[in-house]
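Reading the structure
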Amino acid sequence: MAMLEVNNLSIQFGGLHAVDNFHLSIEKGKLYGLIGPNGAGKTTVFNLLTGVYKPTEGIIRLDGTDITGKSTIDINKAGVARTFQNIRLFKEMPVLDNVKAGFHNHHSYSTFTGILRLPKYFKVEKEMNERAMEILKVFDLDKEADYLAGNLPYGKQRKLEIARALATEPKLLLLDEPAAGMNPNETQELMDTIRFVRDHFDMTILLIEHDMKLVGGICEALTVLNFGQVLAQGNTAEVLKDPAVITAYLGA
Amino acid sequence: MSFISYLKDGISLGSIYAIIALGYTMVYGIAKMLNFAHGDVIMVGAFVILAAITKAGLSPLLSVLLAIIVCTVLGVTIEMIAYRPLRKASSNLAVLITAIGVSYLLQNVALLIFGADAKSFVTVIDVPALKLFDGQLTIKGITIVTIIACIVIMAGLTFFVKKTKPGRAMQAVSEDRDAAQLMGINVNATISLTFAIGSGLAAIAGLLLCSAYPTLTPYTGAMPGIKAFVAAVFGGIGSIPGAMIGGILLGVIEIFGRAYISSQVADAIVFAVLIIVLLVRPAGLFGKNIQEKV
Amino acid sequence: MKKSLTKTSKNNFITYAMVIVVFVVVQTLSSTGNLSNLLKGLLVPLCVYTIASLSLNLVVGFSGELSLGHAGFMCVGAYSSALFSNVVRDAIPSVPRLIIAILIGAAVAGVFGILIGIPVLRLRGDYLAIVTLAFGEIIKNLINILYVGIDENGLHVAASSAGLKMAPGGKQIMKGALGISGTGAIYKDIKGQFFLIGVILIIITLFIIQNLVNSRSGRAVMAARDNRIAAESIGINVTKYKLLAFTVSAALAGVAGVLYAHNLSMLKVSTFDYNMSIMILVYVVLGGIGNLRGSIVATIILYALPELLRGFSTYRMLIYAIVLIAMMLFNWAPAARTWRSRMVERVKGNKPKKEAA
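Reference entry: report on the structure contained in this document. (Residues numbered from 1 in each chain as written. Chains lettered and ligands numbered in written order. Predicted model: local features only at pLDDT ≥ 70, side-chain atom pairs only at ≥ 80, totals over all residues.)

**Some details on the interface of chain C and chain A**
Many structure descriptions define interface size as the accessible area lost when the parts assemble. Counting residues at the interface gives 27 residues for chain C and 42 residues for chain A. Elements with a contribution of two residues or more to the side of chain C that touches chain A: helix 1 (2-31), helix 7 (194-213), helix 8 (216-226) and helix 9 (228-233) of chain C. Take the side of chain C that touches chain A: its biggest share by element is seven residues, from helix 8 of chain C. When the residues that make up the side of chain C that touches chain A are grouped by side-chain class, the tally is 13 nonpolar, eight polar and six charged. (Contact = placed C-beta atoms within 7 Å. Helix = DSSP H or I, 4+ residues; strand = E, 2+ residues; numbered from the N terminus. Nonpolar A, V, L, I, M, F, W, Y, C, P; charged D, E, K, R; others polar.)

**Some remarks on the interface of chain B and chain C**
Taken together, the contact between chain B and chain C spans 37 residues of the former and 35 residues of the latter. Those elements giving two or more residues to the side of chain B that touches chain C turn out to be helix 4 (93-114), helix 9 (222-235) and helix 11 (266-280) of chain B. Examining the composition of the side of chain B that touches chain C, we find that 13 residues originate from one element, helix 4 of chain B, more than from any other. Along the lines of polarity and charge, the residues of the side of chain B that touches chain C split into 27 nonpolar, seven polar and three charged.

**Focus on the sheet that holds strand 7 (residues 172-176) of chain A**
Residues and elements named next belong to chain A. The strand order across the open sheet formed by six strands is 6-7-8-3-9-10, and the pairing between neighbours is mixed. Sheet topology places strand 6 (80-82) and strand 10 (229-235) at the edges, where each strand pairs with a single neighbour. For this sheet, the mean angle separating the axes of adjacent strands, direction not counted, is 20 degrees. (Pairing = 2+ DSSP bridges. Axes fitted to C-alpha atoms, helices over the stretch in contact; angles between N-to-C directions.)

**Comments concerning the packing of helix 1 (residues 2-31) of chain B against helix 10 (residues 240-261) of chain B**
Residue and element names in this part refer to chain B. At their nearest, the axes of helix 1 and helix 10 sit 6 Å apart, and the two run at 140 degrees to each other. It follows that helix 1 is oblique to helix 10 by the angle criterion. Crossing of helix 1 over helix 10 shows right-handed handedness. Class assignment of the residues belonging to the contact of helix 1 with helix 10 gives a composition of 18 nonpolar, eight polar and two charged. (Parallel < 35°, antiparallel > 145°, perpendicular 65-115°, else oblique. Left-handed = near helix turned anticlockwise from the far one by under 90°.)

**Considering the pairing of strand 9 (residues 221-226) of chain A**
Residue and element names in this part refer to chain A. Pairing between strand 3 (residues 31-35) and strand 9: four bridges, direction parallel. Counterpart to Leu34 in the pairing with strand 9 is Thr223. Across six bridges, the pairing between strand 9 and strand 10 is antiparallel. Bridging across to strand 10, Leu225 finds its partner in Val230. With antiparallel pairing between neighbouring strands as the criterion, strand 9 and strand 10 make up a hairpin whose turn holds two residues, including Phe227 at a positive phi of roughly 50 degrees.

And the structure:
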C-alpha cells in the first residue's frame, strides 16, 4: 500500500482554482519530488496535506488512514511533518530545545510533573536530551546545541528545521525548498543528508525544489505541477525529458 | 423626548469618538501599529488651545490653528523617534509597549507643566443652540458643530485617500509595504504623513471633546482614546467609514448605557461591546480578515 | 547535553539564592534597628509587586502576549481572599486562614484567567492587549458596584447597600467603591511575619514559573510564542499552552493580590487600575522580557527608589515613561541590536559564537 495516496484534491480561493484535481501516490521509503514553475501551487499542496488549508474536494490518505480536513496538529500526530519555504524556527530558543519541542507528543509528561519535578520529569528529559543529540548529530548540529536557533547560519537553520520535523517521528516528511538559498557545496551536502535521512530513519520524503540538479540527483519520481494541475508524473528521468515539462519551465 | 435627547447626546459623543477613531484607523491601517499615545495627543491639543487663549491671549481661531500645528509636529516627531526604529523589530510587542511609554510620557509632561487639577476649558465655539419642538428639544451649538465637523472630516479624508496621489500612496503602503517601496513610494514619508493627519485631527478632537465636556486634566485623552480605538475596531480597523459608524454607535451605546442601566458600568458596557465584536466578527463591521501566509 | 541541563538549574538556583540573600540582609538590618519605618512599610508591597511582575513576565516574556489587565487579576485575588478572611475571621486561626485565603485568591484569579483567556487568546497582538485592558476595566467597574454582607441568614450579594436586605445585626463586608476595610486587622497577630510570608510566596512563584518554563509545557509555550504555525506543525496545541501560561500567570497575580489585600486596612478597587497594570509592565520590560531575575531587580529598584527619594515621586511616572521607551528602543530596534552585538564582539574579541544569519 502507498504511504501517501492523494486523489482528486482541489481547493479554490474565491474563483481561483489554486490546486485542481491533484493526485499523487508515494510508496513507502520513496524520495519523491514535486516541481513546477513559480505560482504553480506546490506550497498550496503542502498546506493542504498538512491541514493548513481545508480542501474543497478530494481525499488524502496516509498509510491507509483518511486524514482529509483534519487539523494541522492532528495531521502531525498522524505522522506528517514538514519544513517551510520561509524558515520557521523557534528563534529565541536553543537549538536543542527546538528539537525537544518536536518530541512534544512522543516523550510526554504532565505539566504538574514538570513543575513539581517528579522522577518522571528527569527520566523523560534525559531520554529527550539523548535522542535530540542523536538527531542533531545526523545534521552536524550537535556542537551548536546550546546556540539560539536564530543565531545559526542560514544553511544550518534549514537543517535544524528538518531535524525538528524528524523529532515528531513522522511517517512522511515534507520538505519545502530545502536547498533554497544554499550554495552548490551546501546543496551537495544537503542531498547526502536527505538520502541519509531516508535510509537511516526509513523515511518517505516528498520535497518541493527548484534546484534541478538536486531534484534530478536524488528524487526517484516526480510530479510536475502547472497552474494548479498535474502536468506530468512518473520516473524522474522520463518526466524531465517530457516536452510539456520543458515548455512549462522555459516558456512557450 | 428623553430618548431623542439621549440619542442626540450619543451621536454628539460618538462624533468625537469618530474623529479620534479616524486617526487610529489611518495609523493602524498604514503603519500597522496601535498608537496608544493617540488619545494623549488630543489632551496636548486641548492644553495648547487653553494656554494660547488664556495665557497668550490669542484669538480662538489662531489658538486652534496653533494646536493643530503643534499636534501635527508632535505626531510626526513621536513616529520618527519612538516608532520608526522599531518598525522592523522582531517582536510586534516592542512598538506597542513603546507607544504605551509615549502615552505615559505625554501625560506626565502635561502633569508637570499644568498640574493634576482639572482646568475648566474656555468657550471657543460659540454657536447658538437650536430649539426644536417648541423648545422641548434643545440641541447645543457645540453638538451641531461636532456632528458637522465629523461629516466634513470623513468626506475630506475619503476624498484624500481615494483621489489624491499621497492618498493612493497610503493605500499602497497599507496593502503591501515592501511592494510599495519597490514601486518608488517613499514609505517613511507616507507613514509620517499619516501620523501628521491623524495627529492634526487629534487637535480638532481635543477642541470638540473639551468644548462638549469642559474639564481638562493630563488624563483627559486617555479614556476617550481607548474608547475611540474600540470604535475603530468596531467599525473595522483601517476603514474610514467604519471608524465613523463605529464611533457613533459606540457613543450612542455609551450614553444609553449611562442613562438606562447605570452610569457606573457605562465603561464596562463599552468594553463588553468591544469583546463581543472581536469574538463574533474579529475584523469589525467593515474590515477585511487577513490570514498569515504560510 | 548534560551541560545545558545543569546550566539552567544553576541559573535557577542563583535566582533563589539572590532572593534569600536579600531577605536575610533586610531581616538582619531590620532586627538590629537599622531600617527606617518608611522602608519597613515598603517591604510587603515590594513582595506584592515582585510576584506580580514575575507572573506578568510569564505571559509577556514566555508566552509573548501583551496583557494590560494584570491588575484585574490581582484585584480578583485580593477581593475574593479578603472576603473569605472577613467571613471566617473568628472561625479559623490566622495561619491556616491565611493559607486558605492565598489558595482561594489564586484559584479565583486562575478561574478568571481561564474564563478571560478562552475568548482573549483567540486574538493576536494588539487586539489581545486591548481586550485584556478591557477586561481589567470591566472587572474594576463591576467590583465597584458590588456589595456583600453577612448576617445570620448567610451571605448577601447586591449592587447597592440597600439591596443587601440584611437582618439586624448583619455586617457589610464589601461596600462598593469603599471596598473592604479591616482585613489587615484580622491578621494583627502575624503581621510581623508578612515580609517572611511574602518572600516565601516569591520563592514559590519562582519555583512554579522556572520549573514550568524549563519543562515540556514551557517549551510548548515558547514554541507557540516564537512561531505559531511551526508549533502547530509539530503537533503542539498552541491555544492550550497559551491558555496554560495565561491561567498560571493570573493565579499567581491573584496571590500577589492576596498579599496586597491582607497587608492593608483599606482595600479599594480604584487601586487596581490600568496604571497599576502598566507599572508592573514597566518592571517586566526594564528587567528584561523573559528574564525573571531581571523582573525582581527592576521591581526592587523602580518601586523602592522613588519611594525613598522624597520629592522624586513627582517625576516617578515621567522617568518610568522615559525608561520604558529607551529600554524598548535599546533592546528591540534592529539598529540598536546590531550596534550592541558589534560592541559585544569588540569587547569579547571576535568570537565566532554569535554568527549572524
